[in-house]
Amino acid sequence: MTPTDPRVDAYIQQAAPFAKPILVHLRKVVHEACPEVQETMKWSFPHFDYKGIFCAMASFKQHATFGFWKGSLLAAKLPKVDEKAMGQFGRIASMDDLPPAKTLARIVKAAARLNDDGVKVVRARKAKKAPLKPPADLMTALKRKPKALAAFKAFSAGQQREYVEWITEARREATRASRLATAVGWIAEGKPRNWKYMK
């Protein structure tokens, strides 16, 4: 087995008890089927790289997931799952939810061949959203606070859209008025709509 990443060890140790044997098993199968694989952490969960991004596993409160970066090209080899989850194996709640180790190893080897051959996945581009026109009440409130208006104009189109959608999705006038007042305050401080969730 190739050297392991201590961050992956720590991730497995911190996983829920049901998930630990699943993650250990997936890790073992990946290393055995593709000995040159390298472990890393991306987006806060374990990834395996082999001549580029290869596959990943993750653990949640009640299920684990496993999937391949080029999973769409492996569809014929993958098991059919009813429950959708990140990856191609659905919600993995126990070892019984995984294919046998030999089958899983064959899928890992097929995925490795795709990277060996330099096969690329053509990903559909998301259509650009048309710019949203800010509602009149928002623009009136912003014009009363020049600092807020300048900050709003400096925001990216996506950040402006988040505020516009938040205000226009309010069902009651009282909710809309409350959101409008909050938005103008946050915007004046240069805060995007979801500033609380940004690191």
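Let me begin by describing the structure that accompanies this report. Everything quoted here is computed from the prediction, not taken from an experiment.

So, about the overall build of the chain. Counting its secondary structure elements, the chain contains seven helices and four strands. Expected size for 199 residues packed as a compact globule is a radius of gyration near 16 Å; at 23 Å, the chain overshoots this value by more than 25%. The burial tally for the chain puts 40% of its 199 residues in the buried class. Summarising the internal contacts of the chain: among those between residues at least 6 apart in sequence, 56% fall at separations of at least 24.

Right, let's get into the environment of Val8. Residue placement: Val8 occurs in helix α1 (residues 6-14). Val8 gets classed as buried once you look at its relative accessible area, which sits at 1%. For the pair Val8 and Lys143, spaced 135 residues apart in sequence, the C-alpha to C-alpha distance is 51 Å. In this structure, Val8 is in contact with Arg27, Glu39, Thr40, Met41, Pro46 and Met57, ignoring residues within four places of it in sequence.

The next thing to look at is the pairing of strand β1 (residues 38-42). As judged from the five bridges shared by β1 and strand β2 (residues 45-49), these two strands associate in the antiparallel manner. Bridge pairing in β2 links Thr40 to His47. In sequence, β1 turns back onto β2 through a hairpin of two residues, with Trp43 there showing a positive phi of about 55 degrees.

What follows is about unusual backbone geometry. Despite not being glycine, Trp43 has its phi angle at roughly 55 degrees, a positive value. Tracing the backbone through its elements, the reader meets Trp43 in the loop between β1 and β2. For Trp43, a relative accessible area of 57% corresponds to the exposed category.

Right, let's talk about the environment of Ser178 for a bit. Note that Ser178 resides in helix α7 (residues 173-188). Separated by eleven residues in the primary sequence, Ser178 and Ile167 have C-alpha atoms spaced 9.0 Å apart.

Further remarks concern the packing of aromatic side chains. Pairs of aromatic rings are described using the distance from one ring centre to the other and the angle between the two planes. All told, the structure shown has ten aromatic pairs when counted by the stated rule. Centroid distance Trp43 to Trp69: 6.5 Å. Interplanar angle 10 degrees. Geometry classified as stacked. With Trp43 in the loop between β1 and β2 and Trp69 in the loop between β4 (64-68) and α3 (101-116), this residue pair connects regions lying 26 residues apart in the sequence. For Trp69, a relative accessible area of 41% corresponds to the partly exposed category.

Let's shift gears to the side chain of Glu39. With respect to the element layout, Glu39 can be found in strand β1. The contacts of Glu39, once residues within four sequence positions are left out, are Thr4, Asp5, Val8, Arg27, His31, His47 and Phe48.

With the rule as written, the count across this model stands at nine salt bridges. Residues Asp5 and Arg7 are paired through a salt bridge, measuring 2.7 Å at the closest nitrogen-oxygen approach. Looking at Asp5, the relative accessible area reads 11%, which means it is buried. Close ionic contact of Arg161 with Glu165 constitutes a salt bridge, the shortest N to O distance being 3.5 Å. Taken together, the residues span about one helical turn, with Arg161 and Glu165 both in helix α6 (residues 157-168) at a distance of four residues. Linked by salt bridges that have partners in common, Asp9, Arg27 and Glu39 make up one network.

So, how was this worked out
Residues numbered from 1 in each chain as written. Predicted model: local features only at pLDDT ≥ 70, side-chain atom pairs only at ≥ 80, totals over all residues. Heavy atoms only, no water. Helix = DSSP H or I, 4+ residues; strand = E, 2+ residues; numbered from the N terminus. Rg over C-alpha atoms; globule rule 2.2 N^0.38 Å. Buried < 20%, exposed > 50% of the residue type's maximum accessible area, 1.4 Å probe, protein only. Contact = heavy atoms within 4.5 Å. Pairing = 2+ DSSP bridges. Phe/Tyr/Trp six-rings, centres within 6.5 Å; stacked < 30°, edge-to-face > 60°. Salt bridge = Lys/Arg side-chain N within 4 Å of Asp/Glu carboxyl O.

Read these as spatial facts, not as claims about activity.
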